[in-house]
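One-letter residues, chain by chain:
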Amino acid sequence: MFNKQPDSALNPHFIFNSMNAIRYTIFEDQEKASELLSELAHLLRYKLSDGKIATSIAEELSHITQYLSLEKLRLEERINITLKGTEIGNDFKLPCSILLPIVEKLLHEKDVYSVFENTLSLVCTKIDSGLLFSLCLEQSPKLKQGNINFSNELTPLDGIVKYQLNQELTPNSYKMELKLDKL
Amino acid sequence: MTTIKVIIVDDERLARNELKRLLSKHTNIEIIDEAKNADEAAIKIKEHTPDAIFLDIHMPGSTGLELAESLGDDVNIIFCTAYDQFAVDAFSLNAMDYLVKPVNPQRLAESLIKLETRLEQAKKQTGLPDDHKLMVKYGETMRIIPLSDIIRFESIGNHAAIYTPHGKAFLHSSLNKIEAKLDTNHYFRASRSDIIRLDAIESMEQAISYGLEAKLTNGQTIEISRRQATKLKQLLEFTQL
């Protein structure tokens, strides 16, 4: 179930740190703890079938929301997250989980855990031929430079969904846009 | 029971609180401060000189491993992290223990016993030997005496009076500082104002204050506070085993 690689989609640090944070939340806010535990359970269930089942953009976005909510629980004021257009994409199918691993890889590659200030924006927009999924991460005092190699994450789309990936870097921000044609 | 002073170092507030909650069940542990990154921790460790730190590894700025390396053997380190990928590195830095989150309360209790034992051993090892020589001024005369000649240290303001076969003299040091240098096998803190040599106790009687009154070989009678009397009884029972 676990992969020891730090850039793995299913990172044990994420799981155990989330469990630890939820355990204390039980004493601070039981309702919230219950909600977060459900989110973690949903996420793990989804991950256990990762790569094996077809999914939809809507489902992917729902799990990304859960994933980011757990990251926010731990990192608190160190990460600001904005999500737009997460309600769309129900009719848009994917051969397997693609977007969640991309978000996870971004957070790990840019090591948000070692940075004092992170601002993450996720925007999902319908376009003529399909969908535009964009992520923008701003970090302070400085961003870990370099593009990210998403070839492992995108390979399952080859020959099934037409896609185009663009990445853009500034000293303090990283932006990626993934254009997906409808399946 | 000796109070153990600790500092918690973790970038996540919830993780710090969770550890505080778990440690609150151990009455001999006093959390003197907390830090959310290694740089902040380094300042606080220097300021408070804790007995131990609970240290996360992955934090903004310097990592816990880097902090541990800079501290050397000055403080006991219990690493506390989510996954064991750093365990080998941590132990190569002479970590006292390595706990994984969520921390198992039983495992934490074991770690604290280990810490307590290590601190006790360190205290015994650092205690000055009986034949340690001291230069002491009796009136206008200076004498070199072995530490074992001192049968009582009495706190007088910022100084301490010492009682020896040659009479009374003074040291320019507080009782707390003196206590830190003494071997607990030979000297015992009787109260806030007195440290006495164990083999200088001739007899003991129950005091009205529920403590004890110890009669020393020089004829003096010293009161041992109620709390310390309990500790002394435990200490001597243990010694007999």
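The following refers to the structure shown. (Residues numbered from 1 in each chain as written. Chains lettered and ligands numbered in written order. Predicted model: local features only at pLDDT ≥ 70, side-chain atom pairs only at ≥ 80, totals over all residues. Heavy atoms only, no water.)

**Quick notes on the sheet that holds strand β13 (residues 201–206) of chain B**
Within a sheet, neighbouring strands are paired by backbone hydrogen bonds and run either parallel or antiparallel to one another. Residues and elements named next belong to chain B. Across the sheet, which stays open at both edges, the three strands sit in the order β13-β14-β15 with antiparallel pairing between neighbours. Unpaired on one side and paired on the other, β13 and β15 (221–224) mark the two borders of the sheet. Geometrically, the sheet is characterised by an average inter-axis angle of 25° between neighbouring strands, direction not taken into account. The pairing of strand β14 (residues 212–216) with β15 spans four bridges and is antiparallel. If you follow K215 over to β15, its bridge partner there is T221. (Pairing = 2+ DSSP bridges. Helix = DSSP H or I, 4+ residues; strand = E, 2+ residues; numbered from the N terminus. Axes fitted to C-alpha atoms, helices over the stretch in contact; angles between N-to-C directions.)

**Remarks on empty space enclosed by the protein**
Residues and elements named next belong to chain B. This model, assessed by the stated rule, comprises three cavities of 30 Å³ or more. Put simply, the largest cavity is a space of about 80 Å³. Taken together, 14 residues make up the lining of the largest cavity; nearest its centre are D10, A15, L19, C80 and K101. With four residues, helix α1 (residues 13–23) is the largest single contributor of residues to the lining of the largest cavity. (1 Å grid on protein atoms, 1.4 Å probe; cavity = no way out; pocket = protein on both sides within 12 Å on 5 of 7 lines; lining within 4 Å. Points joined across faces, edges and corners; volume = space filled by probe spheres on them.)

**Notes on the packing of aromatic side chains**
Per the counting criterion, the structure on display carries three aromatic pairs over all chains. Between the aromatic rings of F14 of chain A and Y67 of chain A, the centroid separation amounts to 4.7 Å while the plane-to-plane angle is 45°, which identifies the pairing as tilted. One end of the pair, F14 of chain A, is in helix α1 (residues 12–28); the other, Y67 of chain A, is in helix α3 (residues 57–75), and 53 residues separate them in sequence. Across this residue pair, the class does not change: F14 of chain A and Y67 of chain A are buried. On the numbers, 6.4 Å between centres and 40° between planes, the contact of F79 of chain B with Y98 of chain B is tilted. Here the residue F79 of chain B occupies a position in strand β4 (residues 76–81), and Y98 of chain B occupies one in strand β5 (residues 97–100), the gap between them amounting to 19 residues. (Phe/Tyr/Trp six-rings, centres within 6.5 Å; stacked < 30°, edge-to-face > 60°. Buried < 20%, exposed > 50% of the residue type's maximum accessible area, 1.4 Å probe, protein only.)

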